[in-house]
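In case you want the letters, here they are:
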Amino acid sequence: MKQVLHELQGQTDPLFSEYFGLENQTGITEFILLGLSNDQQIENFFLFFMLCFIVTILGNTTVILVVRSELHLQTPMFFFLSHLAFVDICYSSVTVPKMLVNFITNQKTISWEGCIAQIAFFFQIACTEIFILSAMGYDRYVAICDPLNYSRFLTKDICIKIVGGVWLLGLFCAILNVLPLLNLHFCGNNIIRHYTCELPSILALSCGNTFTNYIILLASVMVFTFGSFLITLVSYIYIILTILKIKSAEGRQKAFSTCSSHLIVLGLFYISGLIRYVKPSTESFMDLDKIISIQYSILTPMLNPIIYSLKNKEIRSGLEKLFGKIRPILYRKNNIHNF
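Thresholds applied
- Residues numbered from 1 in each chain as written.
- Predicted model: local features only at pLDDT ≥ 70, side-chain atom pairs only at ≥ 80, totals over all residues.
- Heavy atoms only, no water.
- Helix = DSSP H or I, 4+ residues; strand = E, 2+ residues; numbered from the N terminus.
- Contact = heavy atoms within 4.5 Å.
- Areas by Shrake-Rupley, 256 points an atom, 1.4 Å probe, with all protein chains shown as cover.
- Axes fitted to C-alpha atoms, helices over the stretch in contact; angles between N-to-C directions.
- Parallel < 35°, antiparallel > 145°, perpendicular 65-115°, else oblique.
- Left-handed = near helix turned anticlockwise from the far one by under 90°.
- Nonpolar A, V, L, I, M, F, W, Y, C, P; charged D, E, K, R; others polar.
- Phe/Tyr/Trp six-rings, centres within 6.5 Å; stacked < 30°, edge-to-face > 60°.
- Buried < 20%, exposed > 50% of the residue type's maximum accessible area, 1.4 Å probe, protein only.
- Salt bridge = Lys/Arg side-chain N within 4 Å of Asp/Glu carboxyl O.
- Expected span 1.5 Å × (residues − 1).
- Pairing = 2+ DSSP bridges.
- Disulfide = S-S within 2.5 Å.
- Core = buried A, V, L, I, M, F, W, Y, C linked by side-chain atoms within 4.5 Å.

**Q** Describe the overall build of the protein chain, listing the residues and the values that go with them.
**A** A count of helices and strands for the protein chain gives twelve helices and three strands. Look at the contacts in the protein chain between residues 6 or more apart in sequence, and 80% of them connect residues 24 or more apart. Of the roughly 17,900 Å² of accessible surface on the protein chain, a fraction of 68% belongs to carbon and sulfur atoms.

**Q** With reference to specific residues and values, describe the packing of helix H4 (residues 76–104) against helix H5 (residues 112–145).
**A** Packed helix pairs are specified by the crossing angle of their axes together with the interaxial distance, meaning the distance between the axes. Packing of H4 against H5 leaves a shortest axis separation of 9 Å and a crossing angle of 160 degrees. By the angle between their axes, H4 is roughly antiparallel relative to H5. The chirality of how H4 crosses H5 is left-handed. Looking at the contact of H4 with H5 residue by residue, the classes come out as 17 nonpolar, four polar and five charged.

**Q** So what's going on with the packing of aromatic side chains? Which residues, and what values?
**A** The description of two aromatic rings rests on the distance between their centres and on the angle between their planes. Tallied over the full model, the rule gives 15 aromatic pairs. Between the aromatic rings of Phe48 and Phe49, the centroid separation amounts to 5.2 Å while the plane-to-plane angle is 70 degrees, which identifies the pairing as edge-to-face. Classification of Phe48 as partly exposed rests on a relative accessible area of 40%. A relative accessible area of 4% places Phe49 in the buried class. Here Trp112 and Phe186 contribute two aromatic rings whose centre-to-centre distance is 5.5 Å and whose plane-to-plane angle is 65 degrees, an arrangement assigned as edge-to-face. On the criterion of sequence distance, the pair formed by Trp112 in helix H5 and Phe186 in the loop between helix H7 (156–178) and strand S3 (191–192) is long-range, its members being 74 residues apart. Cluster of aromatic residues (ring-pair linked, three or more members): Tyr91, Phe122, Phe123 and Tyr296.

**Q** An account of the pattern of salt bridges is requested, with residue identities and associated values reported.
**A** Should the charged atoms of two oppositely charged side chains come close, the side chains can pair. According to the stated counting rule, one finds one salt bridge in the structure shown. Between Asp139 and Arg140 there is a salt bridge whose closest N-O contact spans 2.8 Å. Taken individually, Asp139 and Arg140 each receive the classification buried, so the pair is uniform in this respect.

**Q** Can you break down helix H3 (residues 46–69) residue by residue, with the values?
**A** For H3, built from 24 residues, the straight-helix expectation of 34 Å at 1.5 Å per residue is met to within 8% by its first-to-last C-alpha distance of 34 Å. If you check which residues of H3 are buried, you get Phe46, Phe49, Cys52, Phe53, Thr56, Asn60, Val63, Ile64, Val66 and Val67.

**Q** I'd love a proper account of the sheet that holds strand S2 (residues 109–111), names of residues and values included.
**A** Pairing within the open sheet is mixed, and its three strands lie in the order S2-S1-S3. The open sheet terminates on both sides in strands that have one partner only, identified here as S2 and S3. Across two bridges, the pairing between strand S1 (residues 30–33) and S3 is parallel. If you follow Leu33 over to S3, its bridge partner there is Ile192.

**Q** Account for the state of the cysteines, naming residues and giving values.
**A** This structure, assessed with the given rule, holds two disulfides. The residue that forms a disulfide with Cys127 is Cys173, at a sulfur-sulfur distance of 2.5 Å. With Cys127 in helix H5 and Cys173 in helix H7, the pair connects residues that are 46 residues apart, well separated along the chain. A relative accessible area of 5% places Cys127 in the buried class. Judged by its relative accessible area of 1%, Cys173 falls in the buried class.

**Q** An account of the nonpolar core is needed here, citing residue identities and associated values.
**A** Counting residues in hydrophobic clusters, the biggest one holds 72 residues, and the most contacted among them are Phe31, Ile119 and Ile202. Ranked by residues supplied to this core, first place goes to H5 with 16 residues. Listed in part, the 13 residues of the second largest apolar core include Phe46, Phe49, Phe103 and Tyr195.

**Q** Before we move on, can you summarise the environment of Cys173 with the specific residues and values?
**A** When the C-alpha positions of Cys173 and Ala126 are compared, they lie 9.3 Å apart, and in sequence the two are 47 residues distant. Filtering out sequence-adjacent residues up to four positions away, Cys173 remains in contact with Phe123, Cys127 and Phe224.

**Q** Provide a residue-level description of the environment of Ala255, including the pertinent values.
**A** Looking at the element boundaries, Ala255 is found in helix H10 (residues 249–278). What makes Ala255 buried here is its relative accessible area of 12%. Considering only alpha carbons, one finds Ala255 and Ile240, 15 residues apart in sequence, at a separation of 9.5 Å. When near neighbours in sequence (up to four residues on either side) are disregarded, Ala255 contacts Ile144, Ile243 and Ile246.

Keep in mind that these numbers describe shape and distance, not what the molecule does.
In structure tokens:
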């Protein structure tokens with residue numbers, strides 16, 4: 001939050017403009033992404049990020065296949081989980097492919113249109129994930145606090161409407177932040193000290209008045225992020241109060257175990273967001289910005305399916321059945337090939 005308020009002062013970075021002699025240029029068509037570090041040895045991490053991206057795609061795709069293929073997983077909780085997995089695939093795909101390309105090429109640039117598209121998709125996916133996590137929290141609230149009405153409050157039609165509404169909210173969040181960005185003017189500084197286009201980085205390069213853009217960004221954070229957080233917080237307050245009323249220790253443990261994976265995912269998501277907006281906006285924290293971005297755009301989408309697989313018996317059981325179906329097919333193909 002302090003970062004956004006600090007940037008409301010309209011500070012830009014004249015150092016690059018003066019150094020590169022770009023202060024009088026207009027009509028920027030591309031931006032230069034400095035990446036994770038000025039140290040070229042960072043490119044040794046190409047294989048690491050490539051592996052993370054592959055694990056993210058395979059892991060989340062597997063979760064979707066397991067949920068869709070097993071009848072006992074056709075419940076609201078796993079319906080929301082499959083959409084979270086799809087969102088995580090999109091989340092990682094917004095930034096990682098371009099970062100990998102920049103690792104192995106000498107030209108670390110992104111077009112103006114590509115940068116705007118990256119920002120738009122980022123807001124769409126981030127806001128969608130926030131509210132899907134809230135929907136999953138509400139699902140746990142109904143399942144634990146009012147189990148007799150679970151099937152009535154969360155029918156298939158209601159779940160579809162919730163997911164549809166979540167994607168529309170994400171689209172509205174993206175449009176709200178991107179449209180004012182199209183009216184900004186840039187006077188030559190096109191250096192982004194990051195591996196991806198993020199709205200605060202782009203606003204800092206503008207030579208026009210960005211006050212409205214920062215106000216909209218701040219309002220989006222307040223309304224969407226904190227609004228969603230309050231929904232989730234209230235849900236879990238009621239959940240915890242209900243669990244504490246359960247007399248048997250086994251019953252309390254069973255009830256809490258159904259929420260544990262969701263709580264871990266929530267912690268990863270909101271802690272990184274809290275650090276991102278509360279930390280000071282200074283040069284010494286630039287590297288921390290990049291680390292946080294890696295955490296929520298690369299590591300969290302990769303870890304989510306692993307967390308749900310380890311903490312959820314139904315998912316583990318579904319994985320065993322899915323691989324049990326695939327193994328004979330692969331065995332037959334191998335025998336045919338050998339023949």
